[in-house]
Amino acid sequence: LRDELAVEPGPTMRAAYEQLVASDVPPLLTATTPVTTSPLVGRKTEQARAHAIWQTAANGRPLMLALTGEAGLGKTRLAMEVLAWAGRQGVATAIAQCYAAEGDLAYAPVTAWLRSEAIRPRLAQLASVWLSEVARLAPEVLAGRPDAANPRPLTERWQRQRLFEALARAMLTGDRPLLLLIDDLPWCDRDTLEWLHFLLRYAPRARLLVLATLRPEEAGPDHPLVALMNDLRRSGQLTEMALMPLSPAETAELAEYLAGRTLAGGEASGLYAETEGNPLFVLETLRAGWAVQSAGAGPDTESPTETTVPPGVQSVIAQRLWQLTPEARELLDVAAVMGRSFNVRVLERAGGVAEAVLVRGLDELWQRRIVREQGTEAYDFSHDLLRQVVYSQLSPVRRRVLHRHVAEALEAEHASNLEAISGQLAAHYEHAGDGERAATYYEKAADAAQRVYANAEATGHLRRALKLLAPLTEPDQGARSAALAERLGDLLHLSGQYAEAREAYQHGLELVASERRQERANLRRKIGNVWRDQYCYDEAFGAYAAALAELSLSSDVARPELWQSWIQIQMDRFQTHYWLAQVPEMFGLVEALRPAVERYGSPLQRARISQMLWFASLRRDRTGSDEAVKYSAGYLEEVQAAGASDALPAARFQHGMALFLRGDLDLAEQEMLTALEVAQKKHDVSLEARCLTYLTIISRQRQRVEAVRDYAERSLLVATLVQMPDYIGAAAGNRAWIAWRSGDLDQAYAHGQQALTEWSQTRLYFSAQWTALWPLLAVALARGNIPEAVTYARALLDPKQYLQPQVLEAALTKAIHSVDAGDEAAARTALEGAQSPAVALGYL
């Protein structure tokens, strides 16, 4: 019956209702300052310059345009205008926002771009191998793609390069040029910054512009953004455009548009004196009511909490907040604790408010343009200055309580996937004063970061967890902290932060009880490995000795787990002897290890005895031999028998190396190609670089110039991705050979010198430097520079180099002796006589 009698309200009833609703919410501005969208005043020059920079990028030159300046000058507004203009030209555009809040997941801006309307169609064009990598950040991309497998865990440094390439391909696939906007760049995570650097170098002809906004004071001298911008300056890919305050005339123009009337001379000059031409301050001053501000009236809102917001702006914003209803202000306090952006459902839970109160409060905040909608379930502050002022006005006690409420609300809302928000939970619990729960979530955040190889983020999370656990006294906290310290040390070691890694391991040692011998020995062994990777071999051996002393093993001890640790320490010692080319020590250590490995070792450890003998024989013989091939073949068979699939590709490569050095090029090539195929399937880029390098050399010894050219370019690309200077140098050496064969002596010399430079940057001695030394020798000989040619001859006969074929070694030796005797003519004759066999053997 009620439905049948229901009628639409008439005009009088509707007007009364609207008046009633309006009465709950004070007007946004005074009658003289209506709500309008302001024009972009005073930025025509900057707009024109931005358009010109885009045209350069669109012609095939990836660039970054950084809009800089203090808060409120309109950097984001200008960027959005440029974005809208580009969109009207048919350009693909995507936006990402960085927030000044702790706990954000790594690659958050990249993930936002991947999920944008501009990038999603490009993902459909990606090959499955690259789409699997993208799924690390956006798992939903695998929907409808049965050909793309779920990504495997990232455990090696080279794998991040694969992820970087996949993300670059995702962005650059397709025909339309791309404009990526990233707002508040200094708050971006380190891994995204490193990827941006990669992206801008990945495809030199890409039609790409990265448009960024930033305040320079937010990036200190140690900020990773500084290194990125310095590199882009050097490559000519960065343009910095500093926005300045508006002039008095421009300030008056903006104010009159906002106010809807002409300002008197005194009003205009007073407004400019108050705002100093900052567009945001002009807007906020008018929104707060210019007449009220002019009279100096309003509440005393001075915050006891230190904030970076200028006092004058705090006063302007506080006046605006004073106009809010208590309900809206309560919600705003909770939202400020949540961060720049916030979810409606979490806000409702954390605020403990009824739905009607939530809707009314959010509607008020939205109408006053304090917050803005971001989709159907999220809002963010219209400017972070608003959030900063609200947060600074919270008392310490209320702040802690609200952080706890927000954390509990997030847990309830995301109960099925807490790891995805673990960083946020950790930060909230830390601010709430709950160190134990914060540490737990920081550990989970580190797990999540490591899965996408965001080691810098993971390191930060582990440091926070350790700091929070330090004052706690629960019985198991020492062991827990020790495990965290070891994990932190592993990450720091992997990233090359050697001193910090040793410090972390040492901290772990201090937390492990003396009776826990195996754990202490393991930490000391890892300290030794750090010293070894720094080429501090005496310190490395000292740490290994200390690790063995921790175990205090004797023949009557029958605990397999202790012997496992002992074996691992000795195998790491062996690697140090290999780097030092200490052949007797290598063979002696193998014999000392045998009994323990045969009794206690795992199948893979037993296989490693054959591998160690192969390494030792290689150092001893400096060439291939039947014995070396036997050891490498034995290791390969034992790895296969043990079912150690992860070790199999490297075992194939090593067997191929043994065959190559013995001169069995056909069999060596077959093993290398098999290893390369598996390495590519497993995304093992480090092994891929090694395989490509030696396939290049095999092709060179067979005089296959085009194959050498192809392999050399591929190996250079992969070795550069993995940052392997020894193999970058090998690629340069092979390019020198190609140039020499084509008669381009200048290029041959340039590539050869590049190879020597790359090799000089690492103390790991590359034993196949003949790849560059022979072309350099030939160039010097062709130019009549016999002393230089003999210098290269001496380098070729260095005891650390692979042995030269006997006919070449004899000629090189004769040339050296002739020069030493003062007979350059005889040296020239000897070197010229070596050229023909060197060409036949593929050295030249």
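The structure this text deals with has already been given above.
About the thresholds
- Along each chain, numbering runs from 1 in the same order as the chain's sequence is written.
- Only residues with pLDDT of 70 or above have their local features reported here, since the model is predicted, and side-chain atom pairs are shown and tallied only from 80 upward, although totals for entire chains, interfaces and linings are computed over all residues.
- With hydrogens and water excluded, all non-hydrogen atoms of the structure serve as input to the side-chain values.
- Axis lines are fitted to C-alpha atoms, over the contacting stretch for helices. Their N-to-C directions set the angle, which ranges from 0 to 180 degrees.
- Numbering of helices and strands starts at the N terminus; helices are DSSP runs of H or I of at least 4 residues and strands are runs of E of at least 2.
- In these notes the angle categories are as follows: under 35 degrees is roughly parallel, over 145 is roughly antiparallel, 65 to 115 is roughly perpendicular, and the rest is oblique.
- Crossings are classed by handedness, with left-handed meaning an anticlockwise turn of the near helix from the far one by less than a right angle and right-handed meaning a clockwise turn.
- Every residue pair with non-hydrogen atoms within 4.5 Å of one another is taken to be in contact.
- Here the term charged refers only to Asp, Glu, Lys and Arg, the term nonpolar to Ala, Val, Leu, Ile, Met, Phe, Trp, Tyr, Cys and Pro, and the term polar to all other amino acids, Gly among them.
- Side-chain atoms within 4.5 Å are what join buried Ala, Val, Leu, Ile, Met, Phe, Trp, Tyr and Cys residues into a set we call a nonpolar core.
- Remark: exposure states derive from per-residue accessible area (1.4 Å probe, protein chains only) relative to the maximum for the residue type, with buried under 20%, exposed over 50%, and partly exposed in between.
- Each pair of strands is called paired provided DSSP finds at least two bridges between the two strands.
- Pairs of N or O atoms within 3.5 Å make up the polar contacts considered here, provided that, within protein, one atom can donate a hydrogen while the other can accept it, and that residues adjacent in sequence are counted only when both atoms are side-chain atoms.
- Two rings belonging to Phe, Tyr or Trp (six-membered ring only in the last case) form a pair when the distance between their centres is within 6.5 Å. Interplanar angles under 30 degrees mark stacking, angles over 60 mark edge-to-face geometry, and anything in between is tilted.

Draft legend 1. Broad picture of the packing of helix 38 (residues 770–782) against helix 39 (residues 786–796). Two elements in contact, helix 38 and helix 39, have axes separated by 8 Å at closest approach and are oriented at 160 degrees. Considering their axes alone, helix 38 and helix 39 lie roughly antiparallel with respect to each other. In this structure, the crossing between helix 38 and helix 39 has a hand that is left-handed. Only Ile786, Glu788, Ala789, Tyr792, Ala793, Ala795 and Leu796 of helix 39 make contact with helix 38, whose side of the interface consists of Trp770, Leu773, Trp774, Leu776, Leu777, Ala780 and Leu781. For the contact of helix 38 with helix 39, the per-class residue count stands at 13 nonpolar, no polar and one charged.

Draft legend 2. Examining the nonpolar core more closely. Counting residues in each nonpolar core, the largest one holds 126 residues, and the members touching the most others are Leu114, Met171, Leu185 and Trp195. By residue number, the principal contributor to this core is helix 16 (residues 326–338), which donates eight residues. Among the nonpolar cores identified, the runner-up in size contains 98 residues, and Ala547, Leu618, Ala679 and Phe766 belong to it.

Draft legend 3. Spotlight on the sheet that holds strand 4 (residues 208–214). With respect to topology, five strands assemble into an open sheet ordered 2-3-4-1-5, the strand pairing being parallel. Looking at strand neighbours, the two that pair on one side only are strand 2 (92–97) and strand 5 (238–242), the edges of this open sheet. Strand-to-strand twist across the sheet, computed as the mean angle between neighbouring axes with direction ignored, equals 15 degrees. Looking at chain direction, strand 1 (residues 63–68) and strand 4 are connected through six bridges and run parallel. For alanine 66, the partnering residue across the bridge sits in strand 4 and is alanine 212. Against the sheet, helix 3 (residues 44–58) touches strand 1, strand 3 (178–183), strand 4 and strand 5, its axis set at about 170 degrees to strand 5. Against the sheet, helix 9 (residues 190–202) touches strand 1, strand 3 and strand 4, its axis set at about 150 degrees to strand 4.

Draft legend 4. Focus on the side chain of serine 767. Here serine 767 lies in the loop between helix 37 (745–760) and helix 38. Among the residues examined, serine 767 registers a relative accessible area of 9% and is labelled buried. Of note is the side chain of serine 767, whose polar atom sits 3.0 Å from the backbone oxygen of lysine 800. Excluding its chain neighbours within four sequence positions, the residues that come into contact with serine 767 are Arg619, Lys800, Gln801 and Tyr802.

Draft legend 5. Region of the structure containing the packing of aromatic side chains. Summed over the entire model, instances satisfying the criterion amount to 15 aromatic pairs. Where tryptophan 113 meets tryptophan 195, the ring centres are 6.5 Å apart and the plane angle is 45 degrees; that geometry is what we call tilted. Here tryptophan 195 lies in helix 9 and tryptophan 113 lies in helix 5 (residues 108–114), a separation of 82 residues in the sequence. Tryptophan 195 shares its class with tryptophan 113; the two are buried.

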